[in-house]
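What follows is the residue order along each chain.
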There are 8 protein chains.
Amino acid sequence: MTENRVAVVMGSDSDLPLAEKATDVLKAFGIAYEARVLSAHRSPEAVWEFAVSAEGSGFAVIISIAGGAAALSGVIASATRLPVIAVPAPTGMAGGLDSLLSSVQMPSGVPVLSTGTNSGGPANAAYAAARILALSDAGLAEALKRHRAEMAGKVADKDAAVREKLA
Amino acid sequence: MTENRVAVVMGSDSDLPLAEKATDVLKAFGIAYEARVLSAHRSPEAVWEFAVSAEGSGFAVIISIAGGAAALSGVIASATRLPVIAVPAPTGMAGGLDSLLSSVQMPSGVPVLSTGTNSGGPANAAYAAARILALSDAGLAEALKRHRAEMAGKVADKDAAVREKLA
Amino acid sequence: MTENRVAVVMGSDSDLPLAEKATDVLKAFGIAYEARVLSAHRSPEAVWEFAVSAEGSGFAVIISIAGGAAALSGVIASATRLPVIAVPAPTGMAGGLDSLLSSVQMPSGVPVLSTGTNSGGPANAAYAAARILALSDAGLAEALKRHRAEMAGKVADKDAAVREKLA
Amino acid sequence: MTENRVAVVMGSDSDLPLAEKATDVLKAFGIAYEARVLSAHRSPEAVWEFAVSAEGSGFAVIISIAGGAAALSGVIASATRLPVIAVPAPTGMAGGLDSLLSSVQMPSGVPVLSTGTNSGGPANAAYAAARILALSDAGLAEALKRHRAEMAGKVADKDAAVREKLA
Amino acid sequence: MTENRVAVVMGSDSDLPLAEKATDVLKAFGIAYEARVLSAHRSPEAVWEFAVSAEGSGFAVIISIAGGAAALSGVIASATRLPVIAVPAPTGMAGGLDSLLSSVQMPSGVPVLSTGTNSGGPANAAYAAARILALSDAGLAEALKRHRAEMAGKVADKDAAVREKLA
Amino acid sequence: MTENRVAVVMGSDSDLPLAEKATDVLKAFGIAYEARVLSAHRSPEAVWEFAVSAEGSGFAVIISIAGGAAALSGVIASATRLPVIAVPAPTGMAGGLDSLLSSVQMPSGVPVLSTGTNSGGPANAAYAAARILALSDAGLAEALKRHRAEMAGKVADKDAAVREKLA
Amino acid sequence: MTENRVAVVMGSDSDLPLAEKATDVLKAFGIAYEARVLSAHRSPEAVWEFAVSAEGSGFAVIISIAGGAAALSGVIASATRLPVIAVPAPTGMAGGLDSLLSSVQMPSGVPVLSTGTNSGGPANAAYAAARILALSDAGLAEALKRHRAEMAGKVADKDAAVREKLA
Amino acid sequence: MTENRVAVVMGSDSDLPLAEKATDVLKAFGIAYEARVLSAHRSPEAVWEFAVSAEGSGFAVIISIAGGAAALSGVIASATRLPVIAVPAPTGMAGGLDSLLSSVQMPSGVPVLSTGTNSGGPANAAYAAARILALSDAGLAEALKRHRAEMAGKVADKDAAVREKLA
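On a predicted model such as this, the values are computed, not experimentally measured, just so you know.

The next point concerns the side chain of Arg36(C). Relative to the assigned elements, Arg36(C) resides in strand S2 (residues 33–37). You can call Arg36(C) buried: its relative accessible area is 12%. The residues touching Arg36(C), leaving out its near neighbours within four places in the chain, are Val8(C), Val9(C), Met10(C), Phe50(C), Asp159(E) and Arg163(E).

What follows is the structure, given as structure tokens:
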């Protein structure tokens, strides 16, 4: 396995803020990644070239961020045997219903795994990638357990603060 | 121009009944067509091969029928300079909202032209293709005008029948 | 400038920013156009007069921009044999679901071809008009191919920039 | 005022079952009506001819039944100063959301008054027409009051039956 | 008939801006009106008292403005034989889908006539009231015809301006 | 049987199958109830009479079943200080979105508590009533705990069966 | 019964403004409460610990505020026999449709009672809790009646102001 | 690692037909699995016990099938560091919008990966599990590549048949 473990592909550089939420999580877990701008509709050859060579390039998981008629995730999933995690970008159409439905409603045989259109989506794509990679990385598995405990701890701190504040 | 003027592409052979509604109209106007089953997700290479060679194959208009995460129309539109008309297939998701949104919400520069998810959609894709071809085919233009008059005539007949029936 | 012009009809002058996105694209391709404000509900006679004479006026394609109960596209399509491309304007109703549904759900025989409610919609109506006109205009066909390559090139530039930025 | 008081216009003869629910109510109140099949998209000239002459033909209220991209009500409302009551036909799109939104979202100045897409819609269009006509028809006003009491009586009967049945 | 011809009822004084759009139109047509704040849920007795006495108070048409679980229109319609026109207020739920559906989906026998949730809704309620009153008021009928011509004239002016601007 | 009874009010006798799902649960817990058919729109006086006297009649909780423009729950809640539990009936509008939204979107101060539009809704209204009554009924509290254990036991049985079946 | 009567649980401290709307109402009625931050997904053990001990801790009613995939209410309801009132937080997804549907669509046997996603939701959860507690608290029952009269009085004041303002 | 590699958890035995679509795919790939019926709401202790011990039990991936307020996937994801794939079951609410939204809209830190509500969803959960397991299983990786080629071959066969049929 090479150093590049997760590909973070966005359909447009306007998705950069979402991509950074994902790469921040990957960085925190010490997971190598590469970020790309590839458009299923505007640069389809580049998407295809990326997708068919993703496995050979040493990627294990692909995170795909796109909005609207979000074909990116499905197109990549059609060209590789790697797991593809979609982040449907929020849009003006009911908050991203277009992005979500065009990501998940895939035909049998070509799976796309989608997170939500909410603010947690991009980070969760990275957390899910970490969960997948942790299947064969004991250190990452430990890091995920620590993260789980830290989350619970932070909620407990907020709980204590709010109990006092609203008492 | 060759004999094949309109390509009617469906994402699955379960879309055959929709495709036949379109080809029935094309036949009625004497427009040559070729029907294909090509899946953006299950046979992406075949879609790409079709789309990049569509212009050279003598096609002028492409009708693309797909449901769910309907990437087919957008993928074809990304590979050709021909006009692409989408027929979003009705589905269990609010009647085809997934098909419709994944067909129309395209990024600037890669146009997909969509009909509805209702029963008139497939035929209207063919009527629209006829309107496009009629721009350089006077006989077809005349046929479209006759069709318009015939439609109005049929409604008038129904009007007469209903006026009597509900009097 | 060819003889075949494109009419860009908007239902209200509040749609002007959308119309300009379309005319900017038409200008870039050197396609002659005429912009109109015609309301299916407030000035129906003017719509009708425009639509029935559109063919005789030398128009080849009609782009129709309207929001809400967007009857404009369907009414024009009912009066001409020219292809009609709808741009459903975004609204407060789930981002333009009203505009979209009232544009696409046409009865068999009277086709309206719709773009999306997203920001790419108005430009895509113009790109689609260019694709239609290019069927009989080799220069325009070449321009569309150049545009396709330029789009891919711009995405590639952004890709390079993001790869560096998020490395 | 002539005998024809209410026009019941349907966009297609497939709307006949809905129209009959409306005419049954009109008959029960002794309100004269005329039923028409007129399609905003397939026979626009007939719609226009009907609408501009509706006032002169002695109609006081127009009930307009249409589904999908339901332009019929708005087009009629644009051509007459008579009150227009829309019945948005149920469809496969979330039960008629397309019909409903394309009926109600009218621009300021051209009012369409809509009933629901549910089974009560067509009858309610007729009851509403009766309420409007009753403003200058004391007998009809009395009949509406009796109808109100009868409805309450029927519910009371069902109440008694259910109280016993579920006791 | 007394001077009070149209009642404009709002469910909350937060609906005042919507109510003023309606009363502005009524004023322009010289139609007498009375504006009320009555809440189906917070002051139900006041709503009932208003509704059952509306006819006796000389009202001919009731405009009812409410948002969310908009029971106001239906409750009023259940208590009077006068025509009730609902204005579903826009909300955060998909732009007012809650207001719209709770206004229109009435059971057979108790009609509510709804305008849209868009910016034209409140004014259109007033225009519709004017259309109803004009059935027995020749002056108002003339005023509505003038208004129709003025609307078309204004669109024509905008058309001329835009044709020049976008030439 | 306690003194505190539950009223199960339905807006139409077509809601009877839903009501029986609720009364079956109440019976199983030995909770006294009374079933009523009362329509907010068709028999508003009867609704009001019921609601204002509900407390005096010995009711503790009111279950209100209605579909479409489901004003029943809100109207009852406006007339009593008792807790009101709505069961939004499933409809053709996206499965009951109209019923649900017209039940929950209440103004501050007049609470309606809603179950879902799914098949569990009516029974859950009864279970919720039982939970409320159990606050002052130790026997009922015990019965609820037994029910909870029984549910888990039934799922465990199904788990065992499925584990074997799909092994 | 201890002093802690109502638990106000929020899934995140970003829900604090909603929680305060609820606690303000509880304070106004003199109802003891405790506010907690407990996340069904981030601190599930804390949620469980809270829920199984809620009855023993002296709570009578649990208000649960959460947005998005709002599992909090259902999880708590699965662990206690106390009534659980959900406040679905508004979100970017059509205004909170995700929160609402994930709160109400519970399986038979595990009731969650939901308020709306609108601004009245959090306060109404508290008003509903008050109604439940008032079943065994005559003073609270009186306070609720006073509150009802005060609401009607405030609307009457606004009515008087608006009648004058829009006269 | 034990033989049990994938857990297929369903919230109710009514989800059995969906589960079998997933296990059929797993069987075809020779992937060991265990099927369970565990309800987040009816048997929460069993869900928790399963989820916290899933890693130790030798599971690598968890497929979770649930409908309505589908808390199952999120609850499991909160208790394990394994990847969790949700299958939102289709429902009467717009085809499963409730299941989908309650599956994907998770808070940052607790990822759920969702397939669609369409007929391809359950099988795709299994295909996605296979993709994840194939990251460390060369034989499975090869099988996935063969499957991809077989899918394309089947579409090609259908293409040939349809080309002939519709010629």
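Moving on from the model shown.
A few words now on the pairing of strand S3 (residues 59–66) of chain C. All names here are of chain C. Burial within S3 is extensive, with 8 of its 8 residues counted as buried. Of the strand pairs in this sheet, S3 and strand S4 (residues 84–88) are connected by 5 bridges, and their pairing is parallel. Residue Ile-63 lies in a different strand from S4, and its bridge partner there is Ile-85. Each parallel crossover has a hand, and the one from S3 via helix H3 (residues 72–79) to S4 is right-handed.

Attention now moves to the interface of chain H and chain G. The partner chain G presents 22 residues to the 22 residues of chain H that form the contact. Together chain H and chain G conceal approximately 1,900 Å² of surface at their shared face, both sides included; 70% is due to carbon and sulfur atoms. Taken together, the connections running from chain H to chain G amount to 0 salt bridges. Those elements that provide at least two residues to the side of chain H that touches chain G are helix H2 (44–53), helix H3 (72–79) and helix H4 (97–104) of chain H. Among the elements that take part in the side of chain H that touches chain G, H4(H) stands out by supplying 4 residues, more than any other.

What follows covers the arrangement of the chains. These two, chain A and chain D, are apart from each other, with no contact and a minimum C-alpha gap of 15 Å. Over all C-alpha pairs, chain C and chain F never come within contact, reaching a minimum spacing of 15 Å.

To continue, consider the packing of aromatic side chains. The tally for this structure, following the rule as stated, stands at 16 aromatic pairs over all chains. Note on Phe50(C) and Phe59(C): the rings are 5.9 Å apart at their centroids and 55° apart in plane angle, and the pair reads as tilted. Each member of the pair, Phe50(C) as well as Phe59(C), is classed as buried. Lying over the aromatic face of Phe59(F), Arg5(F) brings its terminal NZ or CZ to 4.4 Å of the ring centre.

The next subject is empty space enclosed by the protein. Over the atoms, a rolling probe the size of a water molecule traces out where space has been left empty. All chains considered together, the criterion is met by 9 cavities of 30 Å³ or more. The volume enclosed by the largest cavity comes to roughly 380 Å³. Considering the residues around the largest cavity, the lining is formed by 27 residues, among which Leu97(B), Leu97(C), Leu97(D), Leu97(E) and Leu97(F) are closest to the centre. Contributing elements (two or more residues each) for the lining of the largest cavity: helix H4 (97–104) of chain C, helix H4 (97–104) of chain D together with helix H4 (97–104) of chain E. Classifying every residue of the lining of the largest cavity by side-chain character gives 27 nonpolar, no polar and no charged. In this structure, the second largest cavity occupies an estimated 140 Å³ of space. Taken together, the elements giving at least two residues each to the lining of the second largest cavity come down to helix H2 (44–54) and H3 of chain C together with helix H2 (44–53) and helix H3 (72–79) of chain D. Classifying every residue of the lining of the second largest cavity by side-chain character gives 9 nonpolar, 2 polar and no charged.

Tallying the contact residues gives 46 residues for chain E and 47 residues for chain D. Three residues stand out in chain E for area buried against chain D, namely Arg81(E), Arg131(E) and Leu135(E), and they jointly supply 21% of the buried area on that side. Seen at the junction of chain E and chain D, the total is 2 salt bridges. Among the salt bridges present, the one from Lys145(E) reaches Glu55(D), with a minimum N-O distance of 3.2 Å. Counting across the chain E and chain D interface gives 27 residue pairs in polar contact (both at pLDDT 80 or more). Looking at the side of chain E that touches chain D, the elements with two or more residues in it are helix H3 (72–79), strand S4 (84–88), H4, strand S5 (113–114), helix H5 (121–133) and helix H6 (138–165) of chain E. Looking at the side of chain E that touches chain D, its residues break down into 28 nonpolar, 13 polar and 5 charged.

This paragraph deals with helix H6 (residues 138–165) of chain G. Between the first and last C-alpha of H6(G) there are 41 Å, a value that for 28 residues agrees with the 40 Å anticipated at 1.5 Å per step. Taken residue by residue, H6(G) has Leu140(G), Ala141(G), Ala143(G), Leu144(G), His147(G), Met151(G), Val155(G), Asp159(G) and Val162(G) as its buried positions. Those residues of H6(G) that are buried are in contact with strand S1 (6–10), helix H1 (16–28) and strand S2 (33–37) of chain E together with helix H5 (121–134) of chain G.

Attention now moves to the confidence of the model for chain A. Averaged over all residues, the pLDDT of chain A is 96; the fraction at 70 or higher stands at 98%. Listed scores for the predicted complex are pTM 0.98 and ipTM 0.97.

On to the pattern of salt bridges. Under the definition given, this model contains 64 salt bridges over all chains. Close ionic contact of Arg36(G) with Asp159(A) constitutes a salt bridge, the shortest N to O distance being 2.8 Å. With Arg36(G) in strand S2 (residues 33–37) and Asp159(A) in helix H6 (residues 138–165), the pair connects residues from two separate chains. Judged by relative accessible area, which is 6%, Asp159(A) ranks as buried. A salt bridge links Arg163(A) to Glu34(G), with the nearest nitrogen and oxygen atoms 2.6 Å apart. Of the two residues, Arg163(A) sits in helix H6 while Glu34(G) sits in strand S2, which places them in two different chains.

Right, let's get into the relation of the copies chain H and chain G. You can overlay chain H on chain G at an RMSD of 0.0 Å; the transform is a turn of 180° with a shift of 0.0 Å along its axis. The operation mapping one copy onto its partner corresponds to a two-fold rotation axis. Take the interface residues of chain H: 100% of them recur as interface residues in chain G, which is what a same-surface contact looks like.

A word on the packing of helix H5 (residues 121–133) of chain F against helix H6 (residues 138–165) of chain F. All names here are of chain F. Close contact between H5 and H6 brings their axes to 8 Å; oriented N to C, the two are set at 135°. The angle between H5 and H6 places the two elements in the oblique class. The chirality of how H5 crosses H6 is left-handed. Contact residues: Tyr-127, Ala-130, Arg-131 and Leu-133 in H5; Leu-140, Leu-144 and His-147 in H6. The class makeup of the residues in the contact of H5 with H6 is 5 nonpolar, 1 polar and 1 charged.

A separate point is the side chain of Asp98(E). One can find Asp98(E) in helix H4. Look at Asp98(E): it is buried, it has no salt bridge, and the nearest opposite charge is Lys21(G) at 14 Å. Residue contacts for Asp98(E): discarding those within four places in its chain leaves Gly68(E), Thr91(E), Met93(E), Leu101(F) and Gln105(F).

With that settled, the discussion passes to unusual backbone geometry. A positive phi angle, near 55°, is found at Ala94(C), a position not held by glycine. Tracing the backbone through its elements, the reader meets Ala94(C) in the loop between S4 and H4.

Attention now goes to the relation of the copies chain E and chain D. Mapping chain E onto chain D leaves a residual RMSD of 0.0 Å; the transformation is a rotation of 180° accompanied by 0.0 Å of translation along its axis. Of the residues that chain E buries at the interface, 100% are likewise interface residues in chain D, meaning the two copies contact each other through the same surface.

Walk down a regular strand and you will see the side chains alternate between the two sheet faces. Residues and elements named next belong to chain C. Burial analysis of S2 places 5 of its 5 residues in the buried class, which makes it a mostly covered element. Alternating positions in S2 separate into two faces, Tyr-33, Ala-35 and Val-37 on one and Glu-34 and Arg-36 on the other, with burial throughout. Looking at chain direction, strand S1 (residues 5–10) and S2 are connected through 5 bridges and run parallel. The partner of Met-10 across the bridge, within S2, is Val-37.

Before going further, it helps to examine H5(F). The first and last C-alpha atoms of H5(F) sit 18 Å apart over 13 residues, in line with the 18 Å expected at 1.5 Å per residue. Summarising burial for H5(F): 13 of the 13 residues are buried, a large majority.

Take the environment of Gly74(H) next. Examined against the element boundaries, Gly74(H) turns out to sit in helix H3. For Gly74(H), a relative accessible area of 5% puts it in the buried group. Measuring from C-alpha to C-alpha, the distance between Gly74(H) and Ile85(H) comes to 9.8 Å, with 11 residues separating the pair along the chain. Every residue in contact with Gly74(H), bar those within four places of it in the chain, is listed here: His41(G), Met106(H), Val110(H) and Val112(H).

Reading the values: rules and limits
Residues numbered from 1 in each chain as written. Chains lettered and ligands numbered in written order. Predicted model: local features only at pLDDT ≥ 70, side-chain atom pairs only at ≥ 80, totals over all residues. Heavy atoms only, no water. Helix = DSSP H or I, 4+ residues; strand = E, 2+ residues; numbered from the N terminus. Buried < 20%, exposed > 50% of the residue type's maximum accessible area, 1.4 Å probe, protein only. Contact = heavy atoms within 4.5 Å. Pairing = 2+ DSSP bridges. Right-handed = clockwise from strand over helix to strand, strands pointing away. Buried area = accessible area lost by both parts, 1.4 Å probe. Salt bridge = Lys/Arg side-chain N within 4 Å of Asp/Glu carboxyl O. Phe/Tyr/Trp six-rings, centres within 6.5 Å; stacked < 30°, edge-to-face > 60°. Lys NZ or Arg CZ within 6 Å of the ring centre and 35° of its normal. 1 Å grid on protein atoms, 1.4 Å probe; cavity = no way out; pocket = protein on both sides within 12 Å on 5 of 7 lines; lining within 4 Å. Points joined across faces, edges and corners; volume = space filled by probe spheres on them. Nonpolar A, V, L, I, M, F, W, Y, C, P; charged D, E, K, R; others polar. Polar contact = N/O pair within 3.5 Å; in protein donor to acceptor, adjacent residues only side chain to side chain. Expected span 1.5 Å × (residues − 1). pLDDT = per-residue confidence, 0-100. Least-squares fit on C-alpha atoms with pLDDT ≥ 70 in both. Axes fitted to C-alpha atoms, helices over the stretch in contact; angles between N-to-C directions. Parallel < 35°, antiparallel > 145°, perpendicular 65-115°, else oblique. Left-handed = near helix turned anticlockwise from the far one by under 90°. Lys, Arg positive; Asp, Glu negative; His and termini not counted.

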